[in-house]
Amino acid sequence: MFQSITRPHDLREMYDAAAASWHDRITALGYCDAYCAAITAFLPVTSRPQRVMDAGCGAGSFARAFVQHRGRVAVLTLADPAPHMLHEAQSRLAGDADEIILLAQAVEGLPAFPCQDLILCAHVLDHCTDPVRALRALGLALSRYGRLILIVTKPHWCNWLMWPVWRHKSYRPARIYEAVVAAGLTCTRDMGFASGPPRRTSHAYLVTHTESEILYADCHR
């Protein structure tokens, strides 16, 4: 049901080949504006997470959007299996964190260190063989009260224009909610985007540990 037909090695090579121009391309299409919109909608203005991970970071555009809105962080982890993408992300974010950690790793293989206050993950589940497994890995990296901002491709006819190259999957919100629950997490909010390609192709979700949402609600009554 959740199977991808793109081999991970081929996908890594494709992203490496596109690394130098990737940030400019997705900025022109409006995806960086979409990242900013999700951060603004899902995180309180007072939220200042100090350990942030961009999982499947590509050229670091999601992390860069976060830093532009919320400022410098203590520890920024950039994770991506494509080494040229990691290099681009590191270059773009140099100076935006006290410490930058690089992980040449796909989401499914993230270290199980539950220390991230915030995980950003955009258009990564689209390429995972098993999104539930990927979500479990993200949950294991997320601190008890942490937040995961997840952006996933949704069904739309224009995805077929990109599919012959990227062979990505798309999921309706109900399927993502189902996968999040199966991974032992909770989806507390979701949102679409206002304009451009992100409005047609993408949907955003705010994901937490289940007990985190209960305790967070209790202490803010």
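Please read all numbers here as calculations on a predicted model, not as lab measurements. (Residues numbered from 1 in each chain as written. Predicted model: local features only at pLDDT ≥ 70, side-chain atom pairs only at ≥ 80, totals over all residues. Heavy atoms only, no water.)

### Focus: the nonpolar core
Judged by nonpolar contacts, the single largest core of 41 residues is most densely connected at Y35, F62, F66, L76, L78, I149 and I151. Here this core takes eight residues from helix 2 (residues 31-42), the largest share from any one element. Those residues in contact with Y35 that lie beyond four places of it in its chain are I26, S61, F62, A65, A122, H123 and I151. Of all hydrophobic cores here, the second largest spans 28 residues; its members include V124, L148, V152 and V207. (Core = buried A, V, L, I, M, F, W, Y, C linked by side-chain atoms within 4.5 Å. Buried < 20%, exposed > 50% of the residue type's maximum accessible area, 1.4 Å probe, protein only. Helix = DSSP H or I, 4+ residues; strand = E, 2+ residues; numbered from the N terminus. Contact = heavy atoms within 4.5 Å.)

### A closer look at the sheet that holds strand 2 (residues 73-79)
Strand order in this open sheet of seven strands is 3-2-1-4-5-7-6, and the pairing throughout is mixed. In the strand order of this sheet, the two ends are held by strand 3 (97-103) and strand 6 (185-191), each with one partner. On average, each strand axis in the sheet is inclined to that of its neighbour by 20°, with strand direction left out of account. With respect to the sheet, helix 2 is in contact with strand 4 (116-122), strand 5 (142-153), strand 6 and strand 7 (202-209), its orientation differing from that of strand 6 by roughly 115°. (Pairing = 2+ DSSP bridges. Axes fitted to C-alpha atoms, helices over the stretch in contact; angles between N-to-C directions.)

### Some remarks on the packing of aromatic side chains
Counted by the stated rule, this structure contains two aromatic pairs. Ring geometry for Y35 versus F62: centroids 4.5 Å apart, planes at 25°, classification stacked. With Y35 in helix 2 and F62 in helix 3 (residues 61-70), the pair connects residues that are 27 residues apart, well separated along the chain. With respect to burial, Y35 and F62 carry one shared label: buried. Taking the centre distance of 6.2 Å and the plane angle of 75° together, the rings of Y177 and Y205 count as edge-to-face. Within this pair, whereas Y177 is found in helix 7 (residues 173-182), its partner Y205 is found in strand 7, the two being separated by 28 residues in sequence. (Phe/Tyr/Trp six-rings, centres within 6.5 Å; stacked < 30°, edge-to-face > 60°.)

### Some words on the pattern of salt bridges
Applying the stated criterion to the full structure yields three salt bridges. Residues D98 and R72 are paired through a salt bridge, measuring 2.8 Å at the closest nitrogen-oxygen approach. Of this pair, D98 sits in strand 3 while R72 sits in the loop between helix 3 and strand 2, and the two are 26 residues apart along the sequence. On the basis of relative accessible area, R72 is assigned to the partly exposed category, the value being 46%. (Salt bridge = Lys/Arg side-chain N within 4 Å of Asp/Glu carboxyl O.)

### Brief notes about the environment of V207
Following the sequence through the fold, V207 ends up in strand 7. Here V207 falls in the buried class, since its relative accessible area comes to 0%.

### Comments concerning the confidence of the model for the chain
Close inspection of predicted coordinates is inappropriate in any region flagged by low pLDDT. Of all residues in the chain, 85% have pLDDT values of 70 or greater, and the mean over the chain is 86. Note that residues 1-6 has pLDDT below 50 and, in this model, 20 contacts with residues that lie over four places away or in other chains. The low-confidence segment residues 214-221 (pLDDT under 50) makes four contacts with residues lying over four places distant or belonging to another chain. (pLDDT = per-residue confidence, 0-100.)

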